[in-house]
Amino acid sequence: MPTSEDYEGQVPAWCPGCGNFQILSTIKQALVELGIEPWEVLLVSGIGQSGKLPHYMKCHTFNGLHGRTLPVATAAKLANHFLHVIAVAGDGDCYGEGGNHFLHAIRKNPNITLFVHDNQIYGLTKGQASPTTARGTHTKIQPYGISSEPLNPLATAISLDCSFVARGFAGDQEHLKELMKAAITHKGFSLLDILQPCVTFNKVNTFRWYRERVYKLEDEYDPYNRIKAFERSLEWGDKIPNGIFYKNDKETLEEMVPTIRKEPLVRQKFSIEAVKHEIDKFY
Ligand SMILES: Cc1ncc(C[n+]2csc(CCOP(=O)(O)OP(=O)(O)O)c2C)c(N)n1
């Protein structure tokens, strides 16, 4: 069985008090409790403070371009679907620069896990607005206030019939760990949006601000009811629900590709005849 030390990477270079520390230690705890060995995991990221997370863990890692986390993660999963592929991204990285990929990864439904460190700001580049920044927020380069409506990632994902949609809070690690475990073990594209205070550039959505508002979805809440899930995903303000909002059991991308059903692509011998044979079957 793996231990947390097996996953130990470099010392993080984040600001003291950053919510990313809790996310990092919770990912390690979740993987250890699931009995997943470091060599069975691929962590993929783009660019940002959150994008640095794979450097701080010892497992397979890929640090790609800003916004391109999901195409890399999807390709890796198709190449070796025996790996647990976990993509980590910031709200800017995933919903802004990578917004197009976010929509289409949900539609494709590869069996990968996505953790979004949602601090409602661009952290690495020092505090510009991201797609989840509240309307009217003032930043150093948006002194008149943000004019755009914030993107609601959960509502967007549910509207696209995403296979698993959840939200957690970096300040409640026990609950976050259970959500991470559920997301990793779910078969299908799993989104876990994580409320992650940025102590340096977001002075509004602080740990205290969240603690006063977050609550867990009720035990009797049914995550298979898509319409109810959509309604709950719109709740934001004085009360912010966390938990598993929605899930379904639909077929994954890998299951729909007949050539990799039995054996991952990386373990197959490449032969042009075999490829021609597969193509001929369809035409
Ligand atoms: C294509 C491209 N556009 C812009 C940048 C500059 N850039 C690097 S990180 C970043 C924002 C990161 O914010 P977010 O994804 O929310 O992550 P955080 O740092 O808050 O964790 C930007 C705009 C870049 N590296 N590449």
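Our subject in this report is the structure included herewith. (Residues numbered from 1 in each chain as written. Predicted model: local features only at pLDDT ≥ 70, side-chain atom pairs only at ≥ 80, totals over all residues. Heavy atoms only, no water.)

1. Observations concerning the overall build of the protein
So, point 1. A tally of regular secondary structure across the protein gives 10 helices and 8 strands.
So, point 2. In summary, the protein has a C-alpha radius of gyration of 19 Å against a globular reference of 19 Å for 283 residues, a match within 12%.
So, point 3. Counting only C-alpha atoms and orienting by the principal axes, one finds that the protein spans roughly 60 × 45 × 40 Å.
So, point 4. For the protein, the proportion of its 283 residues judged to be buried stands at 49%.
So, point 5. Long-range pairs, those at least 24 residues apart, make up 72% of the contacts in the protein with a sequence separation of at least 6.
So, point 6. Between the mean site of the 31 positive side-chain charges and the mean site of the 32 negative ones, the protein shows a separation of 4 Å. (Helix = DSSP H or I, 4+ residues; strand = E, 2+ residues; numbered from the N terminus. Rg over C-alpha atoms; globule rule 2.2 N^0.38 Å. Buried < 20%, exposed > 50% of the residue type's maximum accessible area, 1.4 Å probe, protein only. Contact = heavy atoms within 4.5 Å. Lys, Arg positive; Asp, Glu negative; His and termini not counted. Charge placed at Lys NZ, Arg CZ, Asp CG, Glu CD.)

2. Concerning empty space enclosed by the protein
So, point 1. Following the criterion strictly, the structure yields 1 cavity of 30 Å³ or more and no others.
So, point 2. Taken together, Gly67, Thr69, Leu70, Ala89, Asp93, Cys94, Gly98, His101 and Phe102 make up the lining of the largest cavity.
So, point 3. When contributions to the lining of the largest cavity are tallied by element, the ones reaching two or more residues are helix 2 (69–79), helix 3 (91–97) and helix 4 (99–108).
So, point 4. For the lining of the largest cavity, the residue count by class is 4 nonpolar, 4 polar and 1 charged. (1 Å grid on protein atoms, 1.4 Å probe; cavity = no way out; pocket = protein on both sides within 12 Å on 5 of 7 lines; lining within 4 Å. Points joined across faces, edges and corners; volume = space filled by probe spheres on them. Nonpolar A, V, L, I, M, F, W, Y, C, P; charged D, E, K, R; others polar.)

3. Overview of the pattern of salt bridges
So, point 1. Within this structure, the stated rule accounts for 13 salt bridges.
So, point 2. A salt bridge links Arg232 to Glu218; the shortest N-O distance between them is 3.0 Å. One end of the pair, Arg232, is in helix 8 (residues 226–233); the other, Glu218, is in the loop between strand 7 (214–216) and helix 8, with 14 residues separating them in the sequence.
So, point 3. Here Arg232 falls in the buried class, since its relative accessible area comes to 17%.
So, point 4. Residue classification places Glu218 among the partly exposed residues on the basis of a relative accessible area of 33%.
So, point 5. Put simply, Glu33, Glu174, Lys177, Glu178 and Lys181 are held in one network by salt bridges that share partners. (Salt bridge = Lys/Arg side-chain N within 4 Å of Asp/Glu carboxyl O.)

4. Considering the environment of Ile146
So, point 1. Structurally, Ile146 is set in the loop between strand 4 (113–118) and helix 5 (153–159).
So, point 2. Placed 10 residues apart in sequence, Ile146 and Gly136 show a C-alpha to C-alpha distance of 4.6 Å.
So, point 3. Those residues in contact with Ile146, other than ones at most four positions away along the chain, are Ala129, Thr133, Ala134, Arg135, Gly136, Thr137 and Thr139.

5. Notes on helix 8
Residues three or four positions apart in an α-helix share a direction because the helix packs 3.6 residues into each turn.
So, point 1. Those residues of helix 8 that fall on the buried side of the exposure criterion are Ala229, Arg232 and Ser233. The buried residues of helix 8 occupy an angular sector of 100° when projected down its axis, which confines them to one face.
So, point 2. N-cap assignment for helix 8: the residue whose side-chain oxygen lies 3.3 Å from the backbone N of Ile227 is Asn225. (Arc of directions from axis to C-beta. Polar contact = N/O pair within 3.5 Å; in protein donor to acceptor, adjacent residues only side chain to side chain.)

6. Considering unusual backbone geometry
So, point 1. The phi dihedral of Lys126 falls on the positive side, at around 80°, and the residue is not glycine.
So, point 2. Mapped onto the fold, Lys126 is located in the loop between strand 4 and helix 5.
So, point 3. Phi is positive for Asp161, which is not a glycine, with a value near 60°.
So, point 4. You can see Asp161 is positioned in the loop between helix 5 and strand 5 (164–169).

Any functional reading would require information that these geometric values do not contain.
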